[in-house]
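In case you want the letters, here they are:
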Amino acid sequence: MLRVIVRRLLQLVVTLMALSALIFIWLRNLPGGPIEALLGERATPERRALLTKALGYDQPILVQYGKFMQRVLTGDFGNSIRSGDAVTEVIGRAFPATIELAVAALIIAIGLGVPLGYLAARYHGRLLDNLSIAGTLLGISIPIFFLGYLLKDVFTQNIHWFPPSGRLSTGLDNTEITGFFVLDGLLTREFDATADALWHLVLPAVTLATIPLAVIVRITRASVLDVLNEDYVRTAEAKGLRHKTIRGRHILRNALLPVVTTIGLQTGALLSGAVLTEKVYNWGGLGTLIYDSISGGRDYPVLQALILLAALVFVVVNLLVDVSYAFIDPRVRVR
Amino acid sequence: MQAGRLKAAVALAAVAALAVGASGCAKSERDGDSGGAKTGGTFVFAGTSNPKNFDPIFNDDGESFRPIRQMYDTLVQNKPGTADLVGALAEKWEHDESGKVWTFHLRKGVKFHDGTDFNAAAVCFNFDRWYNMKGAAAQSQMIYYSDTFGGFAKNEAEGVGKPVYNKCEAKDDGTAVITMNQYKGAFPGAFALTALSIASPDALKKYDADTVKQNGDSFEYSAFANEHPVGTGPFKFGGWDKAKNEITLERNPDYWGEKAKVDKLVIKVIPDENTRKQELRAGTVQGIDFPAPADRKALSGEGFQVLDRPAFNILYLGINQKNPKLKDLRVRQAIAYALNRQQLVQTKGPGGTKVADEFMPDTVAGYANDVQKYEYNPEKAKQLLKEAGAEGLTLNFYYPTDVTRPYMPNPQEIFTVLANDLQAVGIKVNGVARPWNGGYKDDIQQFGKQDLHLLGWTGDYNDPGNFVGTFFGRGKVEFGDQAMTEMFDAISKADATVDDAGKKAAWEQVNRDIASKWLPAVPIWHAPPAIVVAKNVKGLVASPLTDERFNTVSVS
């Protein structure tokens, strides 16, 4: 077992090293490099030369990469071109925003998805079931970008129920502790900030929740339908158990296993959906950061760190899945 | 177990009730903000990107300058709504006959936000600070300073040039005398540059303003630049919440000039153009910049005030003489005659756009009213191409994507119209689209890959050198490193002329010769960029230099 983990950890290091080199070289060879991003429209040949030398771009790419890795190994990803702040600080600021949004979306998706899926299965073939099938189809196929703008148009421009963008109302004085605004408001007893943060959270969370919600409804429905036909359900019914007990203990509990797996998978999808949702609602999280780092002035150091972070998360999650398989299935351990 | 569930349910209900109650409360506070008296209250303006920092000398972009302008003053300033100069921290100024010695008579009784006195010593401290700045990281970021003052006491790079600045002396508290090594046409206009704002010497020292550290691909600025900017302006720094993307400025009750009408000024950063518009409509911001030309009508129809800034810019069609065919003046003239610029202005220009005949607006001294004009004449274009033996010419025409500029709100549409005009006279056009931040500027200005391209400029101050000199004052890759020494000499001579009348005449001649003898590019249009504010906002004066000061703004 230990050998499997050690081997995978070594693979992880090699993967990340290779990836970092690829990203480094790729970014430096994209048209319009950091020099252009830093100097803007007033670049003269002399100023380009000065900056090229100052940033060490006149050195061989391997030397540049070596210096970069040296810094990265000490946890220093450099500073953002745009703001001048340390990259770790910039990402640290955006991270809670994305997590807050993703958690809210997940709560909506699970909170609505499981009961809806269960009901659809129970009333199999009836109106509610048909409606849920049609609804989930729409939910899966509607582009997030379009849905975001649609919701915004309706709820912020026509009926002014929600704010069009951001995480808090302008000028609202809140104390930041964790960066999760809803939580911070509760911790500091600034309940108006919590309410305001929730108020801002509704539309983006609904937008982001649509796809996972639809998927969860479908999986729950299918899974409950499967379980309904299992022998043990029939046995329970034959034993004359109360319906409530059968529903809760026998059907739902067993049907939820594939649903939980799906929720795990959807969490990954949520983070990629966040890029679009955050863009539409000017959310200020990792998604906005990725978008702005590419389009608004090519913030290479931030982009570099973000890609590595995403890769790290991906590789670590995979590692955990593999390790957990090894726990569940002894045959994996022997191989 | 049962009790636990009950507790959870109660807690949940309490949080929900609290949220609803507090939401109502927050909402009423918000409503209270926008109502109320003519003075006081908050003005929220939507910016398009985060500022770099608040140390004026290290900045060169409009989004950094917007808050900086509210917090600092310069020695001289642009009269609101124009590019003309008026006194600011200096009430009067004059130079000697050589144009090298500038005397500033300073305003008395002015204080920095930290309570220290503004005086001649403070002025000299700032000028000396800029001149003595050390380190490649710092010097490479002082773009406006090196444009106007050439080099530093100790240059970190080759070819930066000889320093223009010599010394600054405080004759007495109210008189600062700045001596230059040479006269430059940029002055006194350049003294009004936001980058040359005067900061508190105490704060600069206390918060280590001169330390610009290079780290990886970028630079880290001081606490002065990020957290403690101190000037003399109508607003003081309140805070920069980077998680919320908001910059808060507070009214300076001791301001020497017209005191701010609002208590608070918030600049909220919203990169997406559509979202800025929605925020304006939702009433959560009261002002936005650079609306898309297509939105202007709708917005003013909805009751928003769309204020046109007088156009202080130029869009031109660059011609790269690296292509031997384009070295022939007749071919460049044929291109000029082929373009139906009047129609372009009418169909694609924002309201108030004017056809350009010169590379600077007509409000700049030195504009000649009698230059050769290139009215739309496709027949003449064809004839000139024939004479030059350039029939069947094929040209690579570069245009940028992913960008709107004040002088070029819709690059692709402009390209399409111009390309059609050129094709109509028999020039084959090979359109090449490049992302603005993804190689366009490199391809144009560093590698010179294009035959034709679109580019422009918004002026920084009222001087022909800032327009014509910037474009054509020396050989540039953009125009094929053309060896037009006659043009370069004429421009540097005009720029070095000290007396006003002589200077005006020299620049007029330069403009005439550019149009008839040299034609390194074709001027297209001057387009007024707009700024939009809500119905209840009063007192905003749109500036041709985008130099809006929000102290005169009130929100009713």
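Residues numbered from 1 in each chain as written. Chains lettered and ligands numbered in written order. Predicted model: local features only at pLDDT ≥ 70, side-chain atom pairs only at ≥ 80, totals over all residues. Heavy atoms only, no water.

- You'll find chain B entered in an unreviewed UniProt entry as ABC transporter substrate-binding protein, with Micromonospora sp. CCTCC AA 2012012 given as the organism.
- Within the UniProt record for chain B, the comment given under Sequence similarities (unreviewed entry) is "Belongs to the bacterial solute-binding protein 5 family." (UniProt positions renumbered as here; feature names shortened; annotations may be inferred.)

- Under the annotation held in an unreviewed UniProt entry, chain A carries the name ABC transporter permease and is attributed to Micromonospora sp. CCTCC AA 2012012.
- Word for word, the UniProt comment on chain A under Subcellular location (unreviewed entry) is "Cell membrane".

Details of the overall build of chain B
Moving on, step 1. Along its length, chain B carries 17 helices and 23 strands.
Moving on, step 2. For chain B, the C-alpha atoms occupy an extent of roughly 95 × 65 × 45 Å along the three principal directions.
Moving on, step 3. In chain B, which comprises 556 residues, the proportion classed as buried is 56%.
Moving on, step 4. Restricting the contact set of chain B to residue pairs at least 6 apart, pairs at least 24 apart contribute 68%.
Moving on, step 5. When the accessible area of chain B is evaluated, it comes to approximately 21000 Å², of which 50% is carbon and sulfur surface.
Moving on, step 6. Averaged over its 65 positive side-chain charges, chain B has a centre that lies 3 Å from the centre of its 69 negative ones. (Helix = DSSP H or I, 4+ residues; strand = E, 2+ residues; numbered from the N terminus. Buried < 20%, exposed > 50% of the residue type's maximum accessible area, 1.4 Å probe, protein only. Contact = heavy atoms within 4.5 Å. Areas by Shrake-Rupley, 256 points an atom, 1.4 Å probe, with all protein chains shown as cover. Lys, Arg positive; Asp, Glu negative; His and termini not counted. Charge placed at Lys NZ, Arg CZ, Asp CG, Glu CD.)

So, the overall build of chain A
Moving on, step 1. Counting its regular elements, chain A contains 14 helices and 0 strands.
Moving on, step 2. Reading chain A from its N terminus to its C terminus gives the helix and strand order α-α-α-α-α-α-α-α-α-α-α-α-α-α.
Moving on, step 3. Considering only C-alpha atoms, chain A reaches an extent of 85 × 60 × 40 Å along its principal axes.
Moving on, step 4. Relative to its 335 residues, chain A shows a buried fraction of 46%.
Moving on, step 5. Pairs at least 24 apart in sequence give 71% of the contacts found in chain A among residues at least 6 apart.
Moving on, step 6. Each charge class in chain A can be summarised by its mean position, and for the 31 positive and 25 negative side chains these summaries are 10 Å apart.

Here we look at the nonpolar core
Residues and elements named next belong to chain B.
Moving on, step 1. Residues Phe43, Phe127, Tyr145, Phe149 and Phe191 are the most contacted members of the largest nonpolar core, which totals 104 residues.
Moving on, step 2. A per-element tally of this core places helix H3 (residues 120-131) first, with 7 residues.
Moving on, step 3. Not counting the four nearest positions on each side in its chain, phenylalanine 149 is found in contact with Phe127, Lys162, Pro163, Val164, Tyr165, Met180, Lys184, Phe187, Phe191 and Leu196.
Moving on, step 4. In terms of nonpolar packing, the next biggest core, distinct from the first, is built from 74 residues, Ala390, Tyr407, Val429 and Trp525 among them. (Core = buried A, V, L, I, M, F, W, Y, C linked by side-chain atoms within 4.5 Å.)

Concerning unusual backbone geometry
Residues and elements named next belong to chain B.
Moving on, step 1. Between phenylalanine 187 and the following residue, proline 188, the backbone shows a cis peptide bond with an omega angle of 10°.
Moving on, step 2. Of note, proline 188 is situated in the loop between strand E7 (175-180) and helix H6 (201-206).
Moving on, step 3. Positive phi, normally seen in glycine, also occurs at leucine 519, with a value near 35°.
Moving on, step 4. Relative to the helices and strands, leucine 519 is located in the loop between helix H17 (500-518) and strand E20 (521-526).
Moving on, step 5. The class for leucine 519 is buried, based on a relative accessible area of 2%.
Moving on, step 6. Positioned with a positive phi, threonine 546 is a non-glycine residue whose angle comes to about 55°.
Moving on, step 7. Examined against the element boundaries, threonine 546 turns out to sit in the loop between strand E22 (537-538) and strand E23 (554-555).

A word on the sheet that holds strand E4 (residues 90-95) of chain B
Residue and element names in this part refer to chain B.
Moving on, step 1. Read from one edge of the open sheet, 4 strands run E4-E5-E7-E6, paired in antiparallel fashion. Sheet topology places E4 and strand E6 (165-172) at the edges, where each strand pairs with a single neighbour. Geometrically, the sheet is characterised by an average inter-axis angle of 20° between neighbouring strands, direction not taken into account.
Moving on, step 2. Where E4 meets strand E5 (residues 101-106), 5 bridges bridge the pair, whose relative direction is antiparallel. Of the residues in E5, the one forming a bridge with tryptophan 93 is phenylalanine 104.
Moving on, step 3. Set on the sheet, H3 makes contact with E5, E6 and E7; between it and E6 the angle comes to about 165°. (Pairing = 2+ DSSP bridges. Axes fitted to C-alpha atoms, helices over the stretch in contact; angles between N-to-C directions.)

Focus on a nonpolar patch on the surface
Residue and element names in this part refer to chain A.
Moving on, step 1. Together, Leu309, Leu312, Val313, Val316, Val317, Leu320 and Val321 give the surface a local cluster of nonpolar side chains, amounting to about 510 Å² of exposed area.
Moving on, step 2. Tracing the backbone through its elements, the reader meets valine 313 in helix H13 (residues 300-328).
Moving on, step 3. Among the residues examined, valine 313 registers a relative accessible area of 44% and is labelled partly exposed. (Patch = residues over 30% accessible without salt bridge, like charges linked within 9 Å, V, L, I, M, F, W, Y side chains within 5 Å. Salt bridge = Lys/Arg side-chain N within 4 Å of Asp/Glu carboxyl O.)

Some words on the sheet that holds strand E19 (residues 452-458) of chain B
All names here are of chain B.
Moving on, step 1. The strand order across the open sheet formed by 6 strands is E16-E20-E15-E19-E17-E18, and the pairing between neighbours is mixed. Across the chains shown, the open sheet's two edge strands, defined by having one partner strand only, are strand E16 (354-355) and strand E18 (428-435).
Moving on, step 2. Examined bridge by bridge, strand E15 (residues 313-319) and E20 share 4 bridges and lie antiparallel to one another. Paired with tyrosine 316 across the strands is proline 523, a residue of E20.
Moving on, step 3. Packing of helix H13 (residues 411-424) onto the sheet brings it into contact with E15, strand E17 (394-401), E18, E19 and E20, and relative to E17 it is tilted by some 165°.

What to know about the environment of A:Thr262
Residue and element names in this part refer to chain A.
Moving on, step 1. Looking at the element boundaries, threonine 262 is found in helix H11 (residues 243-281).
Moving on, step 2. Residue classification places threonine 262 among the buried residues on the basis of a relative accessible area of 11%.
Moving on, step 3. Note: C-alpha distance between threonine 262 and isoleucine 216 (46 residues apart in sequence) is 7.2 Å.
Moving on, step 4. Among all residues touching threonine 262, those that are not within four sequence positions of it are Val215 and Ile219.

Thoughts on helix H7 (residues 144-158) of chain A
Moving on, step 1. Compared with the 21 Å implied by 1.5 Å per residue over 15 residues, the 20 Å span of H7(A) between its first and last C-alpha is a close match.
Moving on, step 2. Restricting attention to buried positions, one finds in H7(A) the residues A:Ile144, A:Leu147, A:Gly148, A:Tyr149, A:Leu151, A:Lys152, A:Thr156 and A:Gln157.
Moving on, step 3. Where the residues of H7(A) are buried, they touch helix H9 (191-228) and H11 of chain A together with helix H8 (273-282) of chain B. (Expected span 1.5 Å × (residues − 1).)

Things to note about the pairing of E5(B)
Residues and elements named next belong to chain B.
Moving on, step 1. As consecutive antiparallel partners, E4 and E5 are separated by 5 residues, and within that stretch glycine 99 has a phi angle of approximately 75°, a positive value.
Moving on, step 2. The pairing of E5 with E7 spans 5 bridges and is antiparallel. Within E7, the residue paired with tryptophan 102 across the bridge is isoleucine 178.

Comments concerning the interface of chain A and chain B
Moving on, step 1. Residue-level contacts link 62 residues of chain A with 68 residues of chain B.
Moving on, step 2. When chain A packs against chain B, close to 5600 Å² is buried across both sides, 47% of that on carbon and sulfur atoms.
Moving on, step 3. By the criterion of area lost to chain B, the three top residues of chain A are A:Glu41, A:Arg42 and A:Arg82, representing 14% of everything that side buries.
Moving on, step 4. One can count 3 salt bridges joining chain A with chain B.
Moving on, step 5. For A:Asp85, the salt bridge is made with B:Lys242, and the minimal N-O distance between the two is 2.4 Å.
Moving on, step 6. Counting across the chain A and chain B interface gives 19 residue pairs in polar contact (both at pLDDT 80 or more).
Moving on, step 7. Of all the elements in the fold, those that place two or more residues in the side of chain A that touches chain B are helix H2 (34-39), helix H3 (45-54), H7, H9, H11, helix H12 (286-295) and H13 of chain A.
Moving on, step 8. Top element by residues in the side of chain A that touches chain B is H3(A). It accounts for 7 residues.
Moving on, step 9. Of the residues belonging to the side of chain A that touches chain B, the class tally is 22 nonpolar, 21 polar and 19 charged. (Buried area = accessible area lost by both parts, 1.4 Å probe. Polar contact = N/O pair within 3.5 Å; in protein donor to acceptor, adjacent residues only side chain to side chain. Nonpolar A, V, L, I, M, F, W, Y, C, P; charged D, E, K, R; others polar.)

Things to note about the UniProt feature "transmembrane region" (unreviewed entry) in chain A
All names here are of chain A.
Moving on, step 1. The UniProt record marks residues 9-27, 101-121, 133-151, 197-217, 251-276 and 305-328 with the feature "transmembrane region" (unreviewed entry), using the residue numbering of this structure.
Moving on, step 2. Its end C-alpha atoms 30 Å apart, residues 101-121 is made of 100% helix and 0% strand.
Moving on, step 3. Taken as a whole, residues 197-217 contains 100% helix and 0% strand, while its terminal C-alpha atoms sit 28 Å from one another.

Describing the environment of B:Leu418
All names here are of chain B.
Moving on, step 1. Of note, leucine 418 is situated in helix H13.
Moving on, step 2. Assessed through its relative accessible area of 0%, leucine 418 is described here as buried.
Moving on, step 3. Sequence separation between leucine 418 and isoleucine 444 is 26 residues; the distance between their C-alpha atoms is 18 Å.
Moving on, step 4. Those residues within four positions of leucine 418 in sequence are excluded, and the remaining contacts are Leu339, Leu344, Phe397, Leu454 and Ile524.

Brief notes about the UniProt feature "domain: Solute-binding protein family" (unreviewed entry) in chain B
Moving on, step 1. Using the residue numbers shown here, the UniProt feature "domain: Solute-binding protein family" (unreviewed entry) corresponds to residues 85-475 of chain B.
Moving on, step 2. For the annotated span residues 85-475 of chain B, helix accounts for 29% and strand for 24% of the residues, and the straight-line distance between the end C-alpha atoms is 31 Å.

Structural notes on the state of the cysteines
Residues and elements named next belong to chain B.
Moving on, step 1. Scanning the model with the defined rule gives 1 disulfide over all chains in all.
Moving on, step 2. With its sulfur 2.1 Å from that of its partner, cysteine 124 forms a disulfide with cysteine 168. Note on the cysteine 124 and cysteine 168 pair: the S-S dihedral is about -65°, so by sign convention the disulfide is left-handed. A residue pair is termed long-range when its members are at least 10 positions apart, and cysteine 124 in helix H3 and cysteine 168 in strand E6 qualify at 44 residues. The residues cysteine 124 and cysteine 168 share a single accessibility class, namely buried. (Disulfide = S-S within 2.5 Å.)

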